Amino acid sequence: GQLVRQGPARRRNLLALALAAARHNAEPALRGLTTETLLLFGELDPIAGQAAQSELLRELPRSRLEVLARSGHDLSIEQPLTAADRIVEFLGAGV
């Protein structure tokens, strides 16, 4: 968190963030999760591709997958309004 606030464009900070992401394993936290979940991905995401999407769908039985066309990994920057609309719609639906 602090690295982002200091300025993520600095090479040192980007490398630190990349290392933290590489070490991150969410699998234990996801195991047994029964909460309704929206899986929102970008069609052109180079990080979380179709294999990751399929795995999450399989591991999260109460999830719904939506893919935003012409978007990469950071939906909040690339398509903020569409991403927000999908999230609001999901939360309002009481899936």
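All values derive from a computational prediction rather than experimental measurement. (Residues numbered from 1 in each chain as written. Predicted model: local features only at pLDDT ≥ 70, side-chain atom pairs only at ≥ 80, totals over all residues. Heavy atoms only, no water.)

A.B. asks: In this structure, what is going on with the overall build of the protein chain? I would like to understand it.
C.D. replies: Within the protein chain one finds six helices and two strands. Start at the N end of the protein chain and walk to the C end: the helices and strands fall as α-α-α-β-α-β-α-α. Within the protein chain, buried positions represent 21% of all 95 residues. Within the protein chain, counting contacts between residues at least 6 apart in sequence, those at least 24 apart form 63% of the total. As displayed, the protein chain offers around 7000 Å² of accessible surface, 57% of which is attributable to carbon and sulfur atoms. (Helix = DSSP H or I, 4+ residues; strand = E, 2+ residues; numbered from the N terminus. Buried < 20%, exposed > 50% of the residue type's maximum accessible area, 1.4 Å probe, protein only. Contact = heavy atoms within 4.5 Å. Areas by Shrake-Rupley, 256 points an atom, 1.4 Å probe, with all protein chains shown as cover.)

A.B. asks: Explain the pattern of salt bridges here, please?
C.D. replies: A side chain of one charge can pair with a side chain of the opposite charge when the charged atoms of the two come close. Applying the stated criterion across every chain yields a total of three salt bridges. Notably, a salt bridge pairs Glu 66 with Arg 64, separated by 2.9 Å at the nearest N-O pair. A salt bridge links Glu 66 to Arg 86, with the shortest nitrogen-to-oxygen separation between them at 2.9 Å. Residue Glu 66 is found in strand E2 (residues 63–68), and its partner Arg 86 is found in helix H6 (residues 80–93); the two are separated by 20 residues along the sequence. With a relative accessible area of 13%, Glu 66 lands in the buried category. Within the structure, one salt-bridge network assembled from shared partners comprises Arg 64, Glu 66 and Arg 86. (Salt bridge = Lys/Arg side-chain N within 4 Å of Asp/Glu carboxyl O.)

A.B. asks: Looking at this structure, I do not really get the confidence of the model for the protein chain. What am I missing?
C.D. replies: Detail in the predicted coordinates should be disregarded across regions flagged by low pLDDT. Of the residues in the protein chain, 85% reach a pLDDT of 70 or more, and the chain-wide mean stands at 82. Ignoring residues within four places in sequence, the model shows residues 1–8, a span with pLDDT below 50, making nine contacts including any to other chains. (pLDDT = per-residue confidence, 0-100.)

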